[in-house]
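Structural description and commentary
This is what each chain is made of:
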Amino acid sequence: MSLPQAVKIVEVGPRDGLQNESAEVSAAIKIALVERLAAAGLAAVEAGAFVSVNKVPQMAGSREVFQGLKRRPGTAYPALVPNMKGFEAAVEAGVTEIAVFVSASEGFSQHNIACSRAESLERLRDVAEAAASRNILMRGYVSCIAGCPYDGAIAPDDVAAMAEALVAMGCYEISLGDTIGVGTAGQIRKLIEHISTHIPREKLAMHFHDTYGQGVANVLASLEEGISVFDSSVAGLGGCPFAPGASGNVATEDIVYLLQGLGIKTGVDLMAVAKTGDWISGYLGRANAARAGTALLAAKKNGGTHGG
Ligand code: HMG
Ligand code: MG
C-alpha cells in the first residue's frame, strides 16, 4: 500500500499528557499550551476532559480552559467526555467536539471508568444522542488494543467489536489506543488489517503510547497500512493514571520529523512544536521525552544545521 500524501495529527498533550503529570498546572498554562500547539499548525488539539475530578484531578479546570481559549478557525478542540454529566459540563463550557472512550478489555474498563464494556456502551448511548441532536462531532477511542495491564493479551475481535459499536453510535473516527505502549509493528499491522475488514481505514486513527519505545515504528507500520490520522503528545507528555507503568504518547515532534522525512504533509511547524515541548517540559520540571525536539533545539543552539 502506498503511503498517504498528507497526515492529520491530533495533539493530545494537553489532555492525555497533562492528565498523568504530578505537577499542578493552572488553567492559564493549559490555555497557553493549547494555543501554542494550535498556532504551530496542529489541526486538532484535545484540550481537556470533563471527568470525575476525584479520579483525575489534573483535568480540573477544563471548563476554564475551554472558556478562556482563543480559538483558531479551522482548528478542532475536542474534549474527553465519559457520560452525560461530562457532556453537559462540556457543552456549557463551549465544547463543539467530544471524544468518548471505551476499552477493548474488561479489566481496564473497570479500572478506568468503573463499569463493564457493555455498560460503557450503554452509558454512551445518551451522550451520542445528545451530541447528534446538537450537531456536536464525536470521536471514539478504543483503549488497550494491543494489551491490557489487567487482562493481558487482547483478541483483535474484541477491538473490532468495540470499534464497530462506536461507529454505530455515530463516531466519525475511531482512535485505536495502545494505552500501555506494548504493541510492536507486526502486531499493529495485523490488527489494522483485521479491523479494516470491519471499518474502513479512512475512519481509523492510531494512538500510540511509547512505553517500550515502539511509537515511531508503529506509526510507520500504520502508515504502510494506509492509516493517515495519528494522535501524539508534545514532548511525549503523559500516560494514563489507570494503566500502571504506561508512559506518555509518542511525541508529536518525533512523528512530525518522521513524516517530513517521508515527504508527507502535516501542516505542522516542527520547530514551533519543539519549542513548545521544551517550554512545557521546563514548566513541569521533567525531561523532554521528544527525541527529535531535543535534537533540533540542541542543533539550533550549537548554530549548526542537523545532518538529516
Ligand atoms: P463512577 O464512580 O462510576 O460514577 O465514575 P458515578 O456516576 O457513580 O459518580 C461518582 C462521582 O463522580 C459523583 O460525585 C459524580 O457526581 C462524579 P460525588 O457524588 O461522589 O461527589 N462524576 C463526575 N464528575 C465530573 N465529571 C463527570 C462525572 N461523572 C460522575 N463527567 C466516571 C464514572 C467515568 C465518571 C469516572 O470513573 C471517571 O471520571 N473516570 C476517569 C476516566 C479518565 O479520565 N481516564 C483517563 C482518560 S482515558 C485514557 O487516557 C485512554 C485514552 O488516552 C486512549 C488510550 O490511550 O487508550 C483516551
Ligand atoms: Mg492515551
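Residues numbered from 1 in each chain as written. Chains lettered and ligands numbered in written order. Predicted model: local features only at pLDDT ≥ 70, side-chain atom pairs only at ≥ 80, totals over all residues. Heavy atoms only, no water.

Applied cut-off: UniProt positions are given in the numbering used here, feature names are shortened, and annotations may be inferred rather than shown by experiment.
In the nomenclature of an unreviewed UniProt entry, the chain corresponds to Hydroxymethylglutaryl-CoA lyase from the organism Agrobacterium arsenijevicii. As stated in UniProt under Sequence similarities (unreviewed entry), the record for the chain gives "Belongs to the HMG-CoA lyase family."

What to know about the overall build of the chain
Convention followed: Each helix corresponds to a stretch of at least 4 residues labelled H or I by DSSP, and each strand to a stretch of at least 2 residues labelled E; elements are numbered beginning at the N terminus. Radius of gyration means the value over C-alpha atoms here, while the globule rule gives 2.2 Å times the residue count to the 0.38 power. Throughout, a residue-residue contact means that at least one pair of heavy atoms, one from each residue, lies within 4.5 Å. Only the protein chains shown count as cover for residues, and all accessible areas are computed by the Shrake-Rupley method using a 1.4 Å probe. For the charge count, each Lys or Arg is scored as positive and each Asp or Glu as negative, with His and the chain ends excluded. One atom stands in for each charge, and that atom is NZ of Lys, CZ of Arg, CG of Asp or CD of Glu.
Summing up its helical and strand segments, the chain has twelve helices and nine strands in all. At 18 Å, the chain has a C-alpha radius of gyration in line with the 19 Å of a compact globule built from 308 residues. Oriented by its inertia axes, the alpha-carbon framework of the chain measures out at about 55 × 45 × 35 Å. Summarising the internal contacts of the chain: among those between residues at least 6 apart in sequence, 76% fall at separations of at least 24. Of the roughly 12300 Å² of accessible surface on the chain, 52% is carried by carbon and sulfur atoms. Charge separation in the chain, taken as the distance between the mean sites of 25 positive and 31 negative side-chain charges, equals 6 Å.

Things to note about the coordination of the magnesium ion (ligand 2)
Rule in force here: Keep in mind that water is not among the atoms, so a site may look incomplete; donors are the N, O and S atoms within 2.8 Å of the metal, or 3.2 Å for Na, K and Ca. Each residue is assigned to one of three classes by its accessible area relative to the maximum for its type, calculated with a 1.4 Å probe on protein chains only: buried under 20%, partly exposed between the two thresholds, exposed over 50%.
For the magnesium ion (ligand 2), every protein donor is listed as Asp16 (OD), His207 (NE2) and His209 (NE2), and the spread of their distances is 2.0 to 2.3 Å. Site description for the magnesium ion (ligand 2): donor spacing in sequence, D-x190-H-x1-H. Of this pair, Asp16 sits in helix H1 (residues 13–17) while His209 sits in the loop between strand E8 (204–208) and helix H9 (215–224), and the two are 193 residues apart along the sequence. With relative accessibility at 2%, the residue His209 sits in the buried group.

A short note on the site of ligand 1
Heads up, the rule is: For each residue, the test is whether any non-hydrogen atom lies within 4 Å of the molecule or strand; if one does, the residue is near. We call two N or O atoms a polar contact when they sit within 3.5 Å, provided that within protein one can donate a hydrogen and the other can accept it, with sequence-adjacent residues counted only if both atoms are side-chain atoms. Each residue is assigned to one class: nonpolar for Ala, Val, Leu, Ile, Met, Phe, Trp, Tyr, Cys and Pro, charged for Asp, Glu, Lys and Arg, and polar for all the others, Gly among them.
Around ligand 1, a shell composed of 26 residues is seen, among which Gln19, Ser52, Asn112, Ser143 and Thr179 lie nearest. At 3.2 Å, a backbone N or O of Val51 approaches a nitrogen atom of ligand 1. Its free accessible area being 1100 Å², ligand 1 has 72% of it covered by the protein chains. For the shell around ligand 1, the secondary structure elements donating two or more residues are H1, helix H4 (84–92), helix H5 (106–113) and strand E6 (137–143). Taken together, the residues of the shell around ligand 1 sort by class into eleven nonpolar, ten polar and five charged.

Re the packing of helix H2 (residues 27–39) against helix H11 (residues 270–284)
Our working rule: Each axis is a line fitted through C-alpha atoms, taken for helices only over the stretch in contact, and angles between the N-to-C directions span 0 to 180 degrees. Orientation labels follow simple angle bins: below 35 degrees gives roughly parallel, above 145 gives roughly antiparallel, 65 to 115 gives roughly perpendicular, and whatever is left gives oblique. Take the far helix as the reference: if the near one is turned anticlockwise from it by less than a right angle, the crossing is left-handed, and if turned clockwise, right-handed.
Running from amino to carboxyl end, H2 crosses H11 at an angle of 165°, the nearest separation of the two axes being 10 Å. Classed by the angle they form, the pair H2 and H11 counts as roughly antiparallel. The handedness of the crossing between H2 and H11 is left-handed. Across the interface between the two elements, Ile29, Ala32, Leu33, Arg36 and Leu37 from H2 touch Val273, Lys275, Thr276, Trp279, Ile280 and Tyr283 from H11. Along the lines of polarity and charge, the residues of the contact of H2 with H11 split into eight nonpolar, one polar and two charged.

Thoughts on the packing of aromatic side chains
Which entries qualify depends on this criterion: To pair, rings of Phe, Tyr and Trp, with the six-membered ring standing in for Trp, must have centres within 6.5 Å; the planes then decide the type, stacked if under 30 degrees apart, edge-to-face if over 60, and tilted in the middle. Criterion for a charge above a ring: Arg CZ or Lys NZ at most 6 Å from the ring centre, at most 35 degrees from the ring normal.
Taken as a whole, this structure holds one aromatic pair when the rule is applied. Ring geometry for Phe50 against Phe66: centres 5.8 Å apart, planes inclined by 40°, an arrangement best described as tilted. Placement of Phe50 in the loop between strand E3 (48–49) and helix H3 (62–68) and of Phe66 in helix H3 is noted, with a sequence separation of 16 residues between them. Here the basic side chain of Arg139 rests over the ring of Tyr141, its NZ or CZ set 5.7 Å away from the ring centre.

Some details on unusual backbone geometry
A positive phi angle, near 60°, is found at Ala114, a position not held by glycine. Positionally, Ala114 belongs in the loop between H5 and helix H6 (117–133). Positioned with a positive phi, Ala235 is a non-glycine residue whose angle comes to about 60°. Position of Ala235 relative to the elements: it lies in the loop between strand E9 (229–232) and helix H10 (252–261).

Brief notes about the pairing of E8
Here is the key point about a regular strand: its side chains alternate between the two faces of the sheet. Condition: Here a strand pair is declared whenever DSSP counts at least two bridges between the two strands. A crossover gets the label right-handed when its path from the first strand over the helix to the second runs clockwise, viewed with the strands pointing away from the viewer.
Burial runs high along E8: five of the five residues are buried. Judged by which residues are buried, E8 turns out to be covered on both faces: Leu204, Met206 and Phe208 on one side and Ala205 and His207 on the other are all buried. Bridging between strand E7 (residues 173–178) and E8 involves five bridges; their strand directions are parallel. Each bridged residue has a counterpart across the sheet, and for Asp178 the counterpart in E8 is Phe208. Taking the sense of rotation as the criterion, the β-α-β connection linking E7, helix H8 (residues 185–195) and E8 turns out right-handed.

Brief notes about the pairing of strand E1 (residues 8–11)
Bridge count for E1 against E9 is four bridges, and the pairing is parallel. Bridge pairing in E9 links Lys8 to Val229. Relative to strand E2 (residues 44–45), E1 runs parallel, the two being bridged by two bridges. Directly across from Val10, in E2, lies its bridge partner Ala44.

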